[in-house]
Amino acid sequence: MSDLKNSPYAVLFEPVAIGPVTARNRFYQVPHCTGLGHANPKAEVALRATKAEGGWGVVCTQEVEIHPSSDLTPALEGRLWDDQDIPAHRAMTNAVHEHQSLAGIELVHNGQHSANMGTRIPPIAPSHRPVDVMHPVQARAMDKQDIKQLRQWYVDAAKRARVAGYDIVYVYAGHNMATLMHFLLPRYNDRSDEYGGKLVNRVRLLKETLCDVRDAVGTDCAIALRLAVDELLGSGGMQASDEGAEIVSMLAEIPDLWDVNISGWSNDSATARFEPDEGYQEKYTAFVKKLTSKPVVGVGRFTSPGAMVSQINRGVLDFIGAARPSIADPFLPNKILAGELESIRECIGCNICVSSDNVVSAIRCTQNPTMGEEWRRGWHPEKMPKASSSEQVLVIGAGPAGLECTLQLARQGHSVLLAEATRNVGGRVLTESSLPGLASYRRVSDYRQQQLRVLPNVELLLDNQLNAADVVDTGIEHVFIATGAKWRRDGLGRQHPQGILYEDAMPVLTPEDIFAGKQLPENITVYDDDHYYLGGVIAEALHHSGCHVTLVTPANCVSAWTEHTLEQHKIHTRLLMLGVRIITAQQIKSVGKKRLTLSCIYTENLSEHESEAIVMVTSRMPSDKVYQEVLTECHDLATPLRTLKRIGDCLAPSTVAAAVYSGHLAARELGLDGTKDLYRRESLQSIQ
Ligand code: ADP
Ligand code: SF4
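Residues numbered from 1 in each chain as written. Chains lettered and ligands numbered in written order. Predicted model: local features only at pLDDT ≥ 70, side-chain atom pairs only at ≥ 80, totals over all residues. Heavy atoms only, no water.

**Considerations on the overall build of the chain**
Move 1: Of regular secondary structure, the chain possesses 23 helices and 29 strands.
Move 2: The C-alpha atoms of the chain give a radius of gyration of 27 Å, which matches the 26 Å a tight globule of 688 residues would have.
Move 3: Taking the principal axes of the C-alpha coordinates as reference, the chain spans close to 80 × 65 × 50 Å.
Move 4: A total of 688 residues make up the chain; the buried ones form 61% of that total.
Move 5: Of all intrachain contacts in the chain linking residues separated by at least 6 positions in sequence, the fraction that spans at least 24 positions is 71%.
Move 6: Split by element, the accessible area of the chain, about 26,700 Å² in all, is 51% carbon and sulfur.
Move 7: Between the centroid of the 68 positive side chains of the chain and the centroid of its 82 negative side chains there is a distance of 2 Å. (Helix = DSSP H or I, 4+ residues; strand = E, 2+ residues; numbered from the N terminus. Rg over C-alpha atoms; globule rule 2.2 N^0.38 Å. Buried < 20%, exposed > 50% of the residue type's maximum accessible area, 1.4 Å probe, protein only. Contact = heavy atoms within 4.5 Å. Areas by Shrake-Rupley, 256 points an atom, 1.4 Å probe, with all protein chains shown as cover. Lys, Arg positive; Asp, Glu negative; His and termini not counted. Charge placed at Lys NZ, Arg CZ, Asp CG, Glu CD.)

**Things to note about the layout of surface pockets**
Move 1: Each pocket or cavity is described by its volume, and for the second largest pocket that value is around 960 Å³.
Move 2: Elements supplying a minimum of two residues to the lining of the second largest pocket: helix 15 (400-411), helix 16 (428-432), strand 19 (485-487), helix 19 (511-515) and helix 22 (625-634).
Move 3: Of the residues forming the lining of the second largest pocket, the biggest block, four residues, is contributed by helix 16.
Move 4: In the lining of the second largest pocket, the residues fall into 18 nonpolar, 14 polar and nine charged.
Move 5: Counting contributing residues, the lining of the second largest pocket receives three or more from each of domain 2 (392-483 + 624-669) and domain 3 (487-621). (1 Å grid on protein atoms, 1.4 Å probe; cavity = no way out; pocket = protein on both sides within 12 Å on 5 of 7 lines; lining within 4 Å. Points joined across faces, edges and corners; volume = space filled by probe spheres on them. Nonpolar A, V, L, I, M, F, W, Y, C, P; charged D, E, K, R; others polar. Domains from an automatic or database assignment.)

**As for the sheet that holds strand 26 (residues 606-610)**
Move 1: Read from one edge of the open sheet, three strands run 24-25-26, paired in antiparallel fashion. Taken across any chain shown, the strands that pair with only one partner, and hence form the sheet edges, are strand 24 (586-591) and strand 26. The sheet shows a mean angle of 35° between the axes of neighbouring strands, direction not considered.
Move 2: Strand direction decides the pairing type here: strand 24 and strand 25 (residues 595-600), joined by five bridges, are antiparallel. (Pairing = 2+ DSSP bridges. Axes fitted to C-alpha atoms, helices over the stretch in contact; angles between N-to-C directions.)

**Observations regarding the site of ligand 1**
Move 1: The immediate surroundings of ligand 1 are formed by 23 residues, with Ala 401, Glu 420, Arg 428, Leu 466 and Asp 649 found nearest.
Move 2: Between ligand 1 and the protein, one listed contact pairs an oxygen atom with a side-chain N or O atom of Glu 420 at 2.6 Å.
Move 3: One of the backbone nitrogen or oxygen atoms of Ala 482 is found 3.4 Å away from an oxygen atom of ligand 1.
Move 4: Expressed as a share of its isolated accessible area of 590 Å², the protein-covered part of ligand 1 is 89%.
Move 5: If you map ligand 1 onto the pockets, it falls in the second largest pocket.
Move 6: Of the residues that constitute the shell around ligand 1, the class distribution is 11 nonpolar, nine polar and three charged. (Near = heavy atom within 4 Å. Polar contact = N/O pair within 3.5 Å; in protein donor to acceptor, adjacent residues only side chain to side chain. Sits in = over half its atoms within 2 Å of the grid points.)

**A closer look at unusual backbone geometry**
Move 1: Looking along the chain, the bond that leaves Thr 73 and enters Pro 74 is cis, with omega of 10°.
Move 2: Considering the arrangement of structural elements, one finds Pro 74 in the loop between strand 4 (58-65) and strand 5 (78-79).
Move 3: Residue Gly 264 is reached from Ser 263 by a cis peptide bond, and omega for that bond is -10°.
Move 4: Even without being a glycine, His 531 presents a positive backbone phi close to 75°.
Move 5: In this fold, His 531 is placed in the loop between strand 21 (523-528) and helix 20 (533-544).

**Observations concerning the pairing of strand 11 (residues 222-230)**
In summary, the side chains of a regular strand alternate between the two faces of the sheet.
Move 1: Most of strand 11 sits inside the fold, with nine of its nine residues counted as buried.
Move 2: Taken together, the six bridges between strand 10 (residues 168-173) and strand 11 define a ladder with parallel strand orientation. Across the sheet, the residue bridging to Val 171 is Leu 225, located in strand 11.
Move 3: In this view, the connection linking strand 11 to its parallel neighbour strand 12 (residues 257-262) by way of helix 7 (residues 240-251) has right-handed handedness. (Right-handed = clockwise from strand over helix to strand, strands pointing away.)

**Notes on the pattern of salt bridges**
Move 1: Per the counting criterion, the structure on display carries 45 salt bridges.
Move 2: Across the pair Glu 194 and Lys 144 runs a salt bridge, and its minimum N-O distance is 3.2 Å. Residue Glu 194 is located in the loop between helix 4 (179-182) and helix 5 (199-202), and its partner Lys 144 is located in helix 3 (residues 144-163); the two are separated by 50 residues in the primary sequence.
Move 3: The exposure class of Glu 194 is partly exposed, given its relative accessible area of 35%.
Move 4: Among the salt bridges present, the one from Glu 669 reaches Lys 645, with a minimum N-O distance of 3.2 Å. Of this pair, Glu 669 sits in helix 23 (residues 656-670) while Lys 645 sits in strand 29 (residues 643-646), placing them 24 residues apart in sequence.
Move 5: The class for Lys 645 is partly exposed, based on a relative accessible area of 28%.
Move 6: Residues participating in the shared-partner salt-bridge network are Asp 329, Lys 335, Arg 345 and Glu 382. (Salt bridge = Lys/Arg side-chain N within 4 Å of Asp/Glu carboxyl O.)

Written as structure tokens, this is what we have:
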């Protein structure tokens, strides 16, 4: 551990009082969802416990529904509808307290943000409005009795939260996801009673709820207000320069802690592609501390201790809030405390973690493959069990899968030879990081390269393209093949399961051709049947290199899957603003010398478009030649290989997160003598 007194980061480890409770340091894991929620309580507990173990002074839940009229089904968030939900929460607070951290709970009533698909209760809102999730459901306007009930639900939930052992109870008016925020906004609140109209009326319910919750939790528990102070909608929404500041002034001393951010979620959890800088929320939230004497927590994808110290010393924040940086590295505070800055696994701002919540599956992280696996697989982000015997292992390919596999094998004590065909490690993250907005993707490789450098039992062979004979010649009996995948030229993809036939066609390029700097004509088309980020970002890159770009996709919008990473709207807007021509709901019928024939996916009507080249972003083929050859040669070996496994994209092309996970899993399974590292399943009864 470094000498904290003389550390430039000492201020981060000062205890800070939050009303009647005290956080042991300034590291604050703000509420964040996990896709685990009320259906996976043990996984949830282990995840939060790991954060506390890693040094976060405050560890919060995700949003926790307070009543069946706030039912986010099918999404899996937290629940505290009645007393039967208490034991799962008690398990969470016990686990967090074991590490001397404070436990916070974000109580929410979602109002017109919840369609109540499970409970079938008509949603409620300040005024009659359709719900903002895509269901044919409307929320009904609340009457005075409803308002009274809502206040009581908050009180009841706050009392349950106390029984469950929480130290900080939240009142939530953020992300445009909470009834208490909907009341604040004139676009949703057109009431003519004392809860609508001028600001003091629109704030009334939030103020009453804060006071109710204060009374409900007693004197030994803190209350926090999470407020979105700006919606980035100009005068069409809440603005920090206007009502955002007025609300903070009006409520300044009521909560014990202000947790402030920007709304909606896509602004708060902006990806690095759209907000590359650490501390990007400062310009909206910095005013808050000037209006209250209470401590303030805010976020901004903080991963560098220097930036964190600057926030504290300049009086911007009292607590360094983090969701994603605490997901990518649950041990970030302890690493700073120990002076091990180079071992921080920095968040890359890709929002794969967010996507898991949006598709209702357990959280995952590109940088941290153990995220969400703390309980079900028993994985720890920093501790790797030592192998019973040290083996010699060959890993081929130093992309995300090969690097992660090598690192985890080496940590188990194996001697690893990592062979890479090119002169650089990183594989796809290295090449893709040159695309606009993706520079942070390099962190996947930089972190692992840095870790490998200090391990004596790893030998890295760059500029070494291995073939099957080379593999056999090494005499190594455990071989992992992480040679990646290549984009297909034949257009095979979801829309064209048998590919596209080209005769006398314009040049048909792949993303690899673009990365290789191939000469490009002026007028170029990108065909995106992949629907994640690459098609859209290549269109952007080609535009910047001076081409006239058309993006064609069979989907109804650009980069459709990035809806889940909260980017689709931003990508589509950016491309339109740049002047990229976008053609949606069209597939390729044929590719001519200077023309593309497109067919509408609904009517099959044909249309012709001029182009001089086309870039196919449709699907990838595993680069598994070495694997297939070694497999064939294996039969003739005197001593057969004990392990021959493909990992990452070489096994099945997927996300970078999946490649890292695949490498991690394979490394762990080597230590299990051929058995599989299977995961445990939750049994809800057993936690009661
Ligand atoms: P993944 O995402 O699965 O890690 P990548 O495509 O990012 O896959 O990385 C694969 C890496 O493997 C690349 O750096 C590539 O240069 C390397 N590679 C491919 N074939 C060979 C080979 N025969 N020998 C050594 N390295 C290879
Ligand atoms: Fe950061 Fe991406 Fe991990 Fe989320 S998934 S924490 S954005 S690295």
